[in-house]
Amino acid sequence: MNVFHRQNQDFNLTRRKSEGGPPSWTSSVVLFIVFLVGLGVYYRSLGGDFVNVDDLHYIKENGYIRDFSWNGVFQIFSQVIVANYFPLQILSYAIDFAIWGLNPWGYRFTNLLFHVGNGYLVYLIFRRLLKGGFWLPLAGSLIFVLHPVNVESVAWISERKNVLSSFFLLVSFLFYFCYLDGRSRGASYAGSLGFFLLALLAKVSAVVLPCLLILYDICWTSRSPREWVKDKIPFLIISAFFSGLAVYIYHMQKIIPPFHGGHPVYTFFTMANVVVDYILSLIVPIYLYFYYETHIVRSVWEPQILLSLSFLAIIVFLSFRWVRENRPLLFCLLWFFIPLLPVLNIVPLSILRADRYLYLSSIGFSFLLVWGIPKIFRLYGRGLRWVQVAVFILIFGFLGLFTEKQAGIWKNTLTLWSHHLHHCSGQAVAFVGLGNAARDGEKYSLAIHYFKEALRRKPREPSILSNLGDVYLTVGRVEEARELFQQALIIDPNFADAQVNIGIVYFKMGEETLALEAFEKAKK
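Residues numbered from 1 in each chain as written. Predicted model: local features only at pLDDT ≥ 70, side-chain atom pairs only at ≥ 80, totals over all residues. Heavy atoms only, no water.

Peer 1: Which parts of the structure should I look at to understand the overall build of the protein chain?
Peer 2: What the protein chain contains, in helices and strands, is 25 helices and 0 strands. Computed over its C-alpha atoms, the radius of gyration of the protein chain comes to 25 Å, within 12% of the 24 Å expected for a compact globule of 524 residues. Dimensions of the protein chain, computed from the C-alpha atoms along their principal axes, are close to 85 × 55 × 45 Å. Across the 524 residues in the protein chain, those meeting the buried criterion constitute 53%. Pairs at least 24 residues apart make up 72% of the contacts formed inside the protein chain by residues separated by at least 6 positions. Accessible surface, the protein chain as shown: approximately 24,300 Å² in total, 64% of it carbon and sulfur. (Helix = DSSP H or I, 4+ residues; strand = E, 2+ residues; numbered from the N terminus. Rg over C-alpha atoms; globule rule 2.2 N^0.38 Å. Buried < 20%, exposed > 50% of the residue type's maximum accessible area, 1.4 Å probe, protein only. Contact = heavy atoms within 4.5 Å. Areas by Shrake-Rupley, 256 points an atom, 1.4 Å probe, with all protein chains shown as cover.)

Peer 1: Please explain unusual backbone geometry as it appears in this structure.
Peer 2: Peptide bonds are mostly trans, and most non-glycine residues show a negative phi. Not every positive phi belongs to a glycine, and Val82 is a case in point at roughly 50°. The exposure class of Val82 is partly exposed, given its relative accessible area of 28%. Even without being glycine, Asn345 reaches a positive phi, approximately 65°. As for its position among the elements, Asn345 is in the loop between helix H16 (327-337) and helix H17 (361-380). For Asn345, a relative accessible area of 3% corresponds to the buried category.

Peer 1: Got a minute to help me understand the confidence of the model for the protein chain in this structure?
Peer 2: Confidence in the prediction for the protein chain averages 90 pLDDT; 95% of positions are at 70 or higher. Note on residues 1-19: pLDDT under 50 across the span, and 45 contacts to partners over four residues away in sequence or across chains. (pLDDT = per-residue confidence, 0-100.)

Peer 1: Explain the nonpolar core to me, please; I cannot follow it from the model alone.
Peer 2: Taken as a class, soluble globular proteins show a tendency for nonpolar side chains to be buried jointly. Core analysis: the biggest nonpolar cluster contains 170 residues, and Phe126, Phe173, Phe336 and Phe367 have the highest contact counts within it. Take this core: its biggest share by element is 13 residues, from helix H6 (residues 104-129). Phe336 has contacts with Val275, Tyr278, Ile279, Leu282, Leu358 and Ser361, leaving out every residue within four places of it along the chain. (Core = buried A, V, L, I, M, F, W, Y, C linked by side-chain atoms within 4.5 Å.)

Peer 1: Any chance you could explain the state of the cysteines here in plain terms?
Peer 2: Chemically, a disulfide is nothing more than a covalent bond linking the sulfur atoms of two cysteines. All told, the structure shown has 0 disulfides when counted by the stated rule. Cysteine Cys332 is unpaired, with the sulfur of Cys219 as its nearest cysteine sulfur at 8.7 Å. Residue classification places Cys332 among the buried residues on the basis of a relative accessible area of 4%. (Disulfide = S-S within 2.5 Å.)

Peer 1: Whenever I open this one, the packing of aromatic side chains confuses me. Can you help?
Peer 2: Where two aromatic rings form a pair, the distance of their centres and the angle of their planes describe that pair. Scanning the entire structure with this criterion turns up 37 aromatic pairs. An aromatic cluster is defined as three or more aromatic residues linked by ring pairs; in this entry it consists of Phe126, Phe173, Phe177, Tyr216, Trp220, Phe331, Trp335 and Phe367. The lysine or arginine in question, Arg128, covers the ring of Phe177, its NZ or CZ lying 4.3 Å from the ring centre. The lysine or arginine in question, Arg185, covers the ring of Tyr179, its NZ or CZ lying 4.2 Å from the ring centre. (Phe/Tyr/Trp six-rings, centres within 6.5 Å; stacked < 30°, edge-to-face > 60°. Lys NZ or Arg CZ within 6 Å of the ring centre and 35° of its normal.)

Peer 1: Honestly, the packing of helix H20 (residues 428-440) against helix H22 (residues 462-474) in this entry has me stumped. Any pointers?
Peer 2: Each pair of packed helices gets described by two things: the angle between the helix axes and the distance between those axes. The geometry of H20 relative to H22 is characterised by a closest axis approach of 11 Å and an angle of 25° between their N-to-C directions. If you check the angle between H20 and H22, you find them roughly parallel. Relative to H22, the crossing made by H20 is left-handed. In this structure, H20 uses Ala428, Val432, Asn436 and Arg439 to contact H22, whose residues at the interface are Ile464, Asn467, Asp470 and Val471. (Axes fitted to C-alpha atoms, helices over the stretch in contact; angles between N-to-C directions. Parallel < 35°, antiparallel > 145°, perpendicular 65-115°, else oblique. Left-handed = near helix turned anticlockwise from the far one by under 90°.)

Peer 1: I keep staring at the packing of helix H2 (residues 26-46) against H6 and nothing clicks. Help me out?
Peer 2: The interhelical angle for the contact between H2 and H6, taken along N-to-C directions, is 140°, at an axis separation of 9 Å. Relative to H6, H2 is oriented oblique. Here H2 and H6 pass one another in a crossing that is right-handed. Of the residues in H6, those touching H2 at Thr26, Ser27, Val30, Leu31, Val34, Phe35, Gly38, Leu39, Tyr42, Ser45 and Leu46 are Trp105, Arg108, Phe109, Leu112, Leu113, His115, Val116, Gly119, Tyr120, Tyr123, Leu124 and Arg127.

Peer 1: Can you walk me through the pattern of salt bridges in this structure?
Peer 2: Pairing between side chains of opposite charge can happen when the charged atoms of each approach one another. Within the structure shown, the criterion is met by 18 salt bridges. Here Glu159 ties to Lys161 by a salt bridge, and the two come within 3.4 Å at their closest N and O atoms. On the accessibility criterion, Glu159 (3% relative accessible area) is buried. Take Lys161: its relative accessible area is 8%, and that puts it in the buried class. Between Glu159 and Lys203 there is a salt bridge, with its nearest N and O atoms 3.9 Å apart. (Salt bridge = Lys/Arg side-chain N within 4 Å of Asp/Glu carboxyl O.)

Peer 1: In this structure, what is going on with the environment of Tyr444? I would like to understand it.
Peer 2: Looking at the element boundaries, Tyr444 is found in helix H21 (residues 444-457). Classification of Tyr444 as partly exposed rests on a relative accessible area of 24%. In the structure, Tyr444 is positioned 45 residues away from Leu489 in sequence and 23 Å away in space, judged by C-alpha atoms. In contact with Tyr444, not counting residues within four places along its chain, are Arg439, Val471, Thr474 and Val475.

Peer 1: Quick question: what am I supposed to make of the environment of Val297 here?
Peer 2: Turning to its location among the elements, Val297 is positioned in the loop between helix H14 (264-283) and helix H15 (303-325). Accessibility expressed as a relative area gives 0% for Val297, which makes it buried. For the pair Val297 and Leu312, spaced 15 residues apart in sequence, the C-alpha separation works out to 16 Å. Setting aside residues up to four positions removed in sequence, Val297 forms contacts with Tyr266, Phe269, Thr270, Asn273, Glu302 and Ile305.

Peer 1: What's the story with the side chain of Ser188 in this structure? I'm lost.
Peer 2: If you trace the backbone, Ser188 turns up in helix H10 (residues 185-202). Setting aside anything within four residues of it in sequence, one finds Ser188 in contact with Phe175, Cys178, Tyr179 and Arg183.

Peer 1: Can you walk me through H21 in this structure?
Peer 2: Because each turn of an α-helix spans 3.6 residues, side chains separated by three or four positions in sequence point in the same direction. Taking 1.5 Å of rise per residue, 14 residues should cover 20 Å, and H21 covers 20 Å from first to last C-alpha, within 8% of that figure. All of the buried residues along H21 are Ala447, Ile448, Tyr450, Phe451, Glu453, Ala454 and Leu455. Of the surrounding secondary structure, the elements contacted by the buried residues of H21 are H20 and H22. (Expected span 1.5 Å × (residues − 1).)

Peer 1: Where do I start with the side chain of Asn118 in this structure?
Peer 2: Residue placement: Asn118 occurs in helix H6. If we ignore the near neighbours within four places in the chain, the residues touching Asn118 are Phe144, Val163, Ser166, Phe167, Leu170 and Tyr359.

Peer 1: Please explain a nonpolar patch on the surface as it appears in this structure.
Peer 2: On the surface, Phe68, Ile95, Ile99, Trp100 and Trp105 cluster together to form a nonpolar patch covering roughly 470 Å² of accessible area. Looking at the nonpolar patch element by element, the count peaks at 3 residues for helix H5 (residues 87-100). In this structure, Trp105 sits in helix H6. (Patch = residues over 30% accessible without salt bridge, like charges linked within 9 Å, V, L, I, M, F, W, Y side chains within 5 Å.)

This is the structure we're talking about:
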């Protein structure tokens, strides 16, 4: 008997059904509980407005969502929209628009429904991994639903793609369980593959699903290594196609930045620190912000990177031990790391760190708690069952308190950036956000103040120069606007917004030839 089969005797859940499992009606009870809990912590964000970070592009100014005809749906699936090819995300907005118009409440409520649905799917997956039962899978589901790192994915309308893609990915996982159990194997496999495709059409980061399926095979079944890979080949082919498509689209849109710090090694060191920050955010989710200014590591001898690399090296070492000795722990660990692969800047991204990147990874953390805490009490705290219950209640209360607070931050643009400014006053991005909000509200003097504050912190940032110039242009200070646009173009000659704006300036000044030249450069 090989090692994989021996371990399967202890915790294989793919073939064996739990004795005395919960009755079927408990699933409806769980869904109701998860919905109430989700509504209880996210109610503050439901009455909010669109925020000026992508919501305008995806919804308020997006003509594609206004046509829900067959031709409109065809256009959604045949176009790159907002520099991405996520047609199911756009289609979901089109459905929202058909129902709610431009009432942000409906869009926010839809996000919450998908998050609740994901919480229920997590319950079903955990019920399988934890040999049936009711309370522990429910506890794991609630930890996932309540965790503050997920607020950004739920309360921010533009992050619909995250909750939507995760929903289809988790459904695909459940169909894969049916396939392993031998229930209509052909149909179950096709269902798993089909929902995987839907997940990718919502967000390309779902390409990690084949790795998660292999992880499940390794940790919870007695299948051979050949079987781990054999039935994942169609998944891997689809993943490779969508990964290549995403890189091609981003390359054509010219939005793939250079490696942070100018070299892949610097990016690697920086992301090592970010990964440790992610782990800390899951364990102590207190200091969470919309935007993180991440320090670029340029030397391996910096104290923080030495600590981070040492910590990650210990995790890698433990992983090799756990593959034979403690596979549930390996499952938790790798379920944290695998969903992060698309956002670890292997292909450079403009963003180094964001809470929304932890949405799927938080499932691994949730499972770690509901598997690990009872195990600790079985080993060291026999007879302390109510203490174990109290520990989970404290976890729910802690997470719920901070999630309710974090959700309120996303009520509107002002609350979002004011919170960021209060806690990160040295960052220019908060002043830019507030400046954009003031400009959109036609409070131009206030907008000028905020943009100047941002410029004081980042004097060579082309986008800030252009934003301030745009306000000057609006209030008739044309010459000052021209100077700012010219400064922006000296720093970045290919900055399209500044080219368009300086073209408008030239047009207002009667220099039509120069205006046309600027517009042509912007097109290029």
